[in-house]
Amino acid sequence: MFSFLRSVSRIPQLARPQPSLLNVLQPASPFLLQARSMTLNQSTRRKPKGKAKPSKSPALAGCYQRKGVCTQIFTLDPKKPNSANRKVARVKLTTGKSIMAYIQGEGHNLQEHSVVLIKGGRAQDLPGVRYKIVRGAHDLGAVVNRMTSRSKYGAKKPKSKK
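Rules used throughout
- Residues numbered from 1 in each chain as written.
- Predicted model: local features only at pLDDT ≥ 70, side-chain atom pairs only at ≥ 80, totals over all residues.
- Heavy atoms only, no water.
- Patch = residues over 30% accessible without salt bridge, like charges linked within 9 Å, V, L, I, M, F, W, Y side chains within 5 Å.
- Areas by Shrake-Rupley, 256 points an atom, 1.4 Å probe, with all protein chains shown as cover.
- Salt bridge = Lys/Arg side-chain N within 4 Å of Asp/Glu carboxyl O.
- Lys, Arg positive; Asp, Glu negative; His and termini not counted.
- Charge placed at Lys NZ, Arg CZ, Asp CG, Glu CD.
- Helix = DSSP H or I, 4+ residues; strand = E, 2+ residues; numbered from the N terminus.
- Buried < 20%, exposed > 50% of the residue type's maximum accessible area, 1.4 Å probe, protein only.
- Pairing = 2+ DSSP bridges.
- Axes fitted to C-alpha atoms, helices over the stretch in contact; angles between N-to-C directions.
- Core = buried A, V, L, I, M, F, W, Y, C linked by side-chain atoms within 4.5 Å.
- Contact = heavy atoms within 4.5 Å.
- Polar contact = N/O pair within 3.5 Å; in protein donor to acceptor, adjacent residues only side chain to side chain.

Asks: Where do I start with a positive patch on the surface in this structure?
Replies: Residues Lys53, Lys56, Lys79 and Arg122 make up a contiguous surface patch of positive charge. When you line up the elements, Lys53 lands in the loop between helix 3 (40-45) and strand 1 (65-76). The class for Lys53 is exposed, based on a relative accessible area of 78%.

Below, the structure written as structure tokens:
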């Protein structure tokens, strides 16, 4: 019958309300707890905090590169003063986002379902293309017979004949 009373008396000390620090430590002055704004001189001397700039490659989500799978390979015509057929791939990234990426260099071996590596950087004369495909990584081969700027196109240094 009295078992209920015994369990109530066993409530640990932590469950009971504790006095807050504000009640215990009274400040010497009431001005210490007020939030004070800057004076006119301080506000003119300090720079305002700048806004965070939006990312130029939001699909990468803060990473340098992302892996993806090609869903479509096609060509686009560049903007007004230029004239060519630029090779572009629609890529579905591992994050689930689908993007358009530019295929650099002459010739490529990409097909649908090819696994590629995407980096940031827009193709200047293609509107809406903010990403590039890394040459020589995963399923995309390097540019053949490339001599200058080899690192951009994944080309190895040619063997020197002795």
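Back to the write-up after that little detour.
Asks: Sorry if this is basic, but what is going on with the pattern of salt bridges here?
Replies: Oppositely charged side chains are able to pair whenever their charged atoms sit close together. All chains considered together, the criterion is met by 1 salt bridge. Between Arg86 and Asp125 there is a salt bridge, with its nearest N and O atoms 2.6 Å apart. Of this pair, Arg86 sits in strand 2 (residues 86-93) while Asp125 is found in the loop between strand 4 (115-120) and strand 5 (131-133), placing the two residues 39 residues apart along the sequence.

Asks: Whenever I open this one, the side chain of Lys132 confuses me. Can you help?
Replies: In this structure, Lys132 sits in strand 5. Despite its burial, Lys132 pairs with no opposite charge, the nearest such side chain being Asp125 at 9.4 Å.

Asks: In this structure, what is going on with the sheet that holds strand 5? I would like to understand it.
Replies: Strands belonging to one sheet form pairs held by backbone hydrogen bonds; the direction of such a pair is parallel or antiparallel. On the basis of which strands lie adjacent, the closed barrel formed by 5 strands has the order 1-2-3-5-4 and mixed pairing. For this sheet, the mean inter-axis angle between neighbouring strands, taken without regard to orientation, is 50°. Relative to strand 3 (residues 98-103), strand 2 runs antiparallel, the two being bridged by 5 bridges. Within strand 3, the position partnered with Val91 by the bridge is Ile99.

Asks: Sorry if this is basic, but what is going on with the nonpolar core here?
Replies: Side chains that are nonpolar tend, in soluble globular proteins, to be buried together. In this structure, Val91, Ile99, Leu110, Val116, Ile118, Tyr131 and Ile133 are the most contacted members of the largest nonpolar core, which totals 15 residues. Looking at this core, the elements with two or more residues in it are strand 2, strand 3, strand 4 and strand 5. Ile118 has contacts with Leu60, Tyr64, Gln65, Arg66, Val91, Leu93, Ile99, Ala101, Tyr131, Lys132 and Ile133, leaving out every residue within four places of it along the chain. One finds Val88, Met100, Tyr102 and Val129 within the second-largest nonpolar core, a separate group that totals 7 residues.

Asks: Just to check I follow, could you spell out the pairing of strand 2 for this structure?
Replies: Consecutive side chains of a regular strand alternate in pointing toward one face of the sheet and then the other. Looking at chain direction, strand 1 and strand 2 are connected through 8 bridges and run antiparallel. By the bridge assignment, Cys70 is partnered in strand 2 with Val91. Between the end of strand 2 and the start of strand 3, which pair antiparallel, lie 4 residues, with Gly96 showing a positive phi angle near 100°.

Asks: Teacher, can you tell me more about the pairing of strand 4 here?
Replies: Relative to strand 4, strand 1 is paired through 5 bridges, and the arrangement is antiparallel. Across the sheet, residue Arg66 finds its bridge partner in strand 4, namely Ile118. In terms of strand pairing, strand 4 meets strand 5 through 3 bridges, oriented antiparallel. Along strand 5, the bridge assignment pairs Lys119 with Lys132.

Asks: For this particular structure, what's the right way to read the environment of Lys56?
Replies: With respect to the secondary-structure elements, Lys56 resides in the loop between helix 3 and strand 1. For Lys56 and Arg130, which are 74 residues apart along the polypeptide, the C-alpha to C-alpha distance reads 7.5 Å.

Asks: Help me understand the side chain of Arg66 in this model?
Replies: Residue placement: Arg66 occurs in strand 1. In this structure Arg66 is buried but unpaired, with Asp139 as the nearest side chain of opposite charge at 18 Å. Side-chain polar atoms of Arg66 contact the backbone oxygen of Leu60, separated by 3.3 Å. Aside from chain neighbours lying at most four places away, what touches Arg66 is Leu60, Ala61, Leu93, Thr94, Thr95, Val116, Leu117 and Ile118.

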